[in-house]
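Report on the structure
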Amino acid sequence: DTGVSQDPRHKITKRGQNVTFRCDPISEHNRLYWYRQTLGQGPEFLTYFQNEAQLEKSRLLSDRFSAERPKGSFSTLEIQRTEQGDSAMYLCASSLAGQGLAGGLGTQYFGPGTRLLVL
Amino acid sequence: AQSVTQLGSHVSVSEGALVLLRCNYSSSVPPYLFWYVQYPNQGLQLLLKYTSAATLVKGINGFEAEFKKSETSFHLTKPSAHMSDAAEYFCAVSDRYNNDMRFGAGTRLTVKP
C-alpha cells in the first residue's frame, strides 16, 4: 500500500492557461474524490467517482473545472482558463466502498495535494 | 445539508496539558463524524471516526472523541499534549449514503514547551 499520490506537488501558471493534475489512488480503492482547500479553510468537496462513473459533479466550481477517471484507476482534474481565484491546494482522496449506495461510506485517505498558484 | 462548526480557529496549550478541540455538527440524519490532522504542506490524515457504534472513539496518537447527540458535539481530546501534536485539525461530517463530506474551517493547535 503506497498511499494516494498526486502529481505535480506544486504548479505555477499564468492566468488564462490550462492546468491538469493527476491523482493515483490506493490500488484497491473504487472511490476517488477531489477537494479544493483555500488558505485557512477546510477542504471543499468538488466531485467523486465510483470506478469510472462520476457520480457527483454539481459541486464543481464552474464549467472550467472537469475531472475524468477513464479506466477506474487514476484520475485527472483539469482547470481551463485559470483565474487568480483558482489558487489553492487541490486534494485527492480515495476509499473502498461496498457495492451500490447501500455499501456505506469507506474511510477516505488523502494524498499530499497539489498546490496551484495562478499569477 | 450537513455542516460542522469548529469553535476556535487557534488553540494554544503547554506541553503536557490537556488538549480540547471543539466541534459541533448539524445533520438531519444520523451523522458519521471524523477528525483529521494536517501537517504543513501535507494531506489530511485520519485521526478517528464515529460511525454509530460506540460513542467514545479512540484514535491514533492518544486522541479520542466523544459523540454527544444531545449536544450535537464531537469534541477531540488528548490528556497530555506533545510538541509533535502541533498541526491543523479538521472535523468533518457525512451520512451513510452521501459521499459529500463537509469539513469545518479547522483549528490550529500550538504546543508551547
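Rules of the game
- Along each chain, residues carry numbers from 1 onward, in the same order as the chain's sequence is written.
- For this description, chains carry letters from A and ligands carry numbers from 1, given in the order in which they are written.
- With pLDDT at 70 or above as the cut-off, local features in this predicted model cover only qualifying residues; side-chain atom pairs require 80 or more to be listed or tallied, and sums for whole chains, interfaces and linings still use all residues.
- Only hydrogens and water are removed before side-chain values are computed, so all heavy atoms of the structure are retained for them.
- The nonpolar core is taken to be a set of buried Ala, Val, Leu, Ile, Met, Phe, Trp, Tyr and Cys residues, with the residues joined through side-chain atoms within 4.5 Å.
- Throughout this description, buried means an accessible area under 20% of the type-specific maximum (1.4 Å probe, protein chains only), exposed means over 50%, and partly exposed covers the range between.
- The helix and strand labels rest on DSSP assignments: H or I over at least four residues marks a helix, E over at least two residues marks a strand, and numbering proceeds from the N terminus.
- Cysteine sulfurs are considered disulfide-paired once they come within 2.5 Å of each other.
- Working rule for contacts: check all heavy atoms of both residues, and any pair within 4.5 Å makes them a contact.
- By convention, the term buried area covers the 1.4 Å-probe accessible surface removed from two parts as they join, with the contributions of both added.
- Pairing of N or O atoms within 3.5 Å defines a polar contact, subject to two protein rules: one partner must be a possible hydrogen donor and the other a possible acceptor, and residues neighboring in sequence count only if both atoms are side-chain atoms.
- Think of it as three bins: nonpolar holds Ala, Val, Leu, Ile, Met, Phe, Trp, Tyr, Cys and Pro, charged holds Asp, Glu, Lys and Arg, and polar takes everything else, Gly as well.
- Stacked, tilted and edge-to-face are the three classes applied to pairs of Phe, Tyr and Trp rings, where Trp contributes its six-membered ring and a pair requires centres within 6.5 Å; stacked means planes under 30 degrees apart, edge-to-face means over 60, and tilted covers the rest.
- In this analysis, strands are considered paired if DSSP registers two or more bridges between them.
- Helix axes are fitted only over the stretch in contact, all axes being lines through C-alpha atoms; the angle between N-to-C directions runs from 0 to 180 degrees.

Before going further, it helps to spend a moment on the nonpolar core. Counting 26 residues, the largest nonpolar core has Trp 35, Leu 47, Leu 48, Phe 74, Leu 76 and Tyr 89 of chain B as the members making the most contacts within it. Every element with two or more residues in this core is listed here: strand E2 (10-14), strand E3 (19-26), strand E4 (32-38), strand E5 (44-50), strand E7 (64-68), strand E8 (73-78), strand E9 (87-94) and strand E11 (107-112) of chain B. Judged by nonpolar contacts, the second largest core, of 19 residues, contains Val 19, Phe 49, Ala 67 and Cys 92 of chain A.

Following Asp 7 of chain A, the chain continues into Pro 8 of chain A via a peptide bond in cis, with omega recorded as -5°. The phi dihedral of Asn 61 of chain B is positive, around 60°, even though this residue is not glycine. Along the chain, Asn 61 of chain B turns up in the loop between strand E6 (56-58) and E7. A relative accessible area of 43% places Asn 61 of chain B in the partly exposed class.

Applying the stated criterion across every chain, the model contains two disulfides over all chains. Between the sulfur atoms of Cys 23 of chain A and its disulfide partner Cys 92 of chain A the distance amounts to 1.8 Å. Taking the torsion about the S-S bond as the criterion, the Cys 23 of chain A to Cys 92 of chain A disulfide, at about -65°, is left-handed. Placement of the pair is Cys 23 of chain A in strand E3 (residues 19-24) and Cys 92 of chain A in strand E9 (residues 88-95), with a sequence separation of 69 residues. A residue is classified by how much of its surface remains accessible, and Cys 92 of chain A, at 0% relative accessible area, is buried. Here Cys 23 of chain B engages in a disulfide with Cys 91 of chain B; their sulfurs sit 2.0 Å apart. Its torsion about the S-S bond being -65°, the disulfide of Cys 23 of chain B and Cys 91 of chain B is classed as left-handed.

Quick look at the interface of chain B and chain A now. Contact with chain B, which involves 23 residues of that partner, is made by 24 residues of chain A. When chain B packs against chain A, close to 1800 Å² is buried across both sides, 51% of that on carbon and sulfur atoms. Linking chain B with chain A are three residue pairs in polar contact (both at pLDDT 80 or more). When residues of the side of chain B that touches chain A are traced back to their parent elements, those giving at least two are E4, E5, E9 and strand E10 (102-103) of chain B. Considering each element in turn, the side of chain B that touches chain A owes the most residues, four residues, to E4 of chain B. Grouping the amino acids of the side of chain B that touches chain A by side-chain chemistry returns ten nonpolar, eight polar and five charged.

Taken as a whole and assessed by the stated rule, the structure comprises 15 aromatic pairs over all chains. Ring centres of Tyr 35 of chain A and Phe 45 of chain A lie 5.9 Å apart, and the angle between their planes is 75°; on these two criteria the pair is classed as edge-to-face. Taken together, the residues span a long stretch of sequence, with Tyr 35 of chain A in strand E4 (residues 31-37) and Phe 45 of chain A in strand E5 (residues 44-50) at a distance of ten residues. Residue classification places Tyr 35 of chain A among the buried residues on the basis of a relative accessible area of 0%. Seen from their ring centres, Tyr 36 of chain B and Phe 103 of chain B are 5.8 Å apart, and the 50° between their planes marks the pair as tilted. You can see Tyr 36 of chain B sitting in strand E4 and its partner Phe 103 of chain B sitting in strand E10, a full 67 residues away along the chain. Comparing Tyr 36 of chain B with Phe 103 of chain B shows no difference in burial state: the two are buried.

Residue and element names in this part refer to chain B. The five strands lie next to each other as E1-E3-E8-E7-E6, forming an open sheet whose pairing is antiparallel. Here the strands that pair on one side only, and so sit at the sheet edges, are strand E1 (3-7) and E6. Going from strand to strand, the sheet's axes swing by 20° on average, the running direction of each strand aside. The pairing of E1 with E3 spans five bridges and is antiparallel. The residue bridging Val 4 from the neighbouring strand is Tyr 25, located in E3.

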